[in-house]
Amino acid sequence: MPGGNLLKEQAEIYTADAATEDNCRAAILKIARAELGVRELTGKNDGPRVEEYLAVAGLKKGQPWCAAFISWIFRQEGFHEPITGWSPSLFPASRLTSKLKAAQVFGIYIPQKKRIAHAGIIERIQGDWYLSIEGNTNLYGSIEGDGVYRRKRHTKTSYRTADWVKMVKTGW
């Protein structure tokens, strides 16, 4: 089994042992951490690395890229999903969870947009807080930022959480 990662090898595999899942979560976080410090070229959702994120989701330069960033991370680890540039799509009912874990995707609801309009990856849980790695944000937590940053957010700011690491069989 290449890389020993049963979770990403076949979408038909529905679950794996805890060690395999933990290794997969660690690998996703390693990829995300390596992107910390990436910045847009002109502050207009552009630049070589940002455009790589956008391309994975089929988006053109200049589009918001927080969801594309998440898609890019999972693609780097060999996952076929999620692949989207639309942050609400990261939260299908089959992936929703209320138990927070590292490498899960969280979404922030923006009342002005009446939808989830920003997403990131949970890095570590600290009581009622979590550290996250997010694309298209800034030091202040904007949903239209200029790069990839580590943020500290209260769990109450997360509107939805999805687990793309744990495989789920439809109908189970």
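Structure: see above.
Residues numbered from 1 in each chain as written. Predicted model: local features only at pLDDT ≥ 70, side-chain atom pairs only at ≥ 80, totals over all residues. Heavy atoms only, no water.

The next point concerns the sheet that holds strand S2 (residues 115-126). In space, the 5 strands of this open sheet follow the order S4-S3-S2-S1-S5, with antiparallel pairing throughout. Every other strand in the sheet has two partners, leaving strand S4 (147-154) and strand S5 (160-162) as the edge strands with one partner each. For this sheet, the mean inter-axis angle between neighbouring strands, taken without regard to orientation, is 35°. In this sheet, S4 lies alongside strand S3 (residues 129-137) in antiparallel orientation, the contact comprising 7 bridges. Within the sheet, the bridge partner assigned to Trp129 lies in S4 and is His154. Of the strands in this sheet, strand S1 (105-110), S2, S3 and S4 are in contact with helix H4 (residues 66-76), which crosses S2 at around 50°. (Pairing = 2+ DSSP bridges. Helix = DSSP H or I, 4+ residues; strand = E, 2+ residues; numbered from the N terminus. Axes fitted to C-alpha atoms, helices over the stretch in contact; angles between N-to-C directions. Contact = heavy atoms within 4.5 Å.)

The next point concerns the packing of helix H3 (residues 48-56) against H4. Between H3 and H4, the least distance of the axes is 8 Å, while the angle of their chain directions is 80°. One way to sum up the angle between H3 and H4 is to call them roughly perpendicular. Residues Arg49, Glu52, Tyr53, Leu54 and Val56 of H3 form the contact with H4, whose own contacting residues are Ala68, Phe69, Ser71, Trp72 and Arg75. Residues that form the contact of H3 with H4 fall into these classes: 6 nonpolar, 1 polar and 3 charged. (Parallel < 35°, antiparallel > 145°, perpendicular 65-115°, else oblique. Nonpolar A, V, L, I, M, F, W, Y, C, P; charged D, E, K, R; others polar.)

Here the focus is the side chain of Arg153. One can find Arg153 in strand S4. Reaching out from Arg153, the side chain makes a polar contact with the side chain of Glu134 at a distance of 2.8 Å. Excluding residues within four positions of it along the chain, Arg153 makes contact with Phe106, Ile108, His118, Asp128, Trp129, Tyr130, Ser132, Glu134, Thr137 and Gly141. (Polar contact = N/O pair within 3.5 Å; in protein donor to acceptor, adjacent residues only side chain to side chain.)

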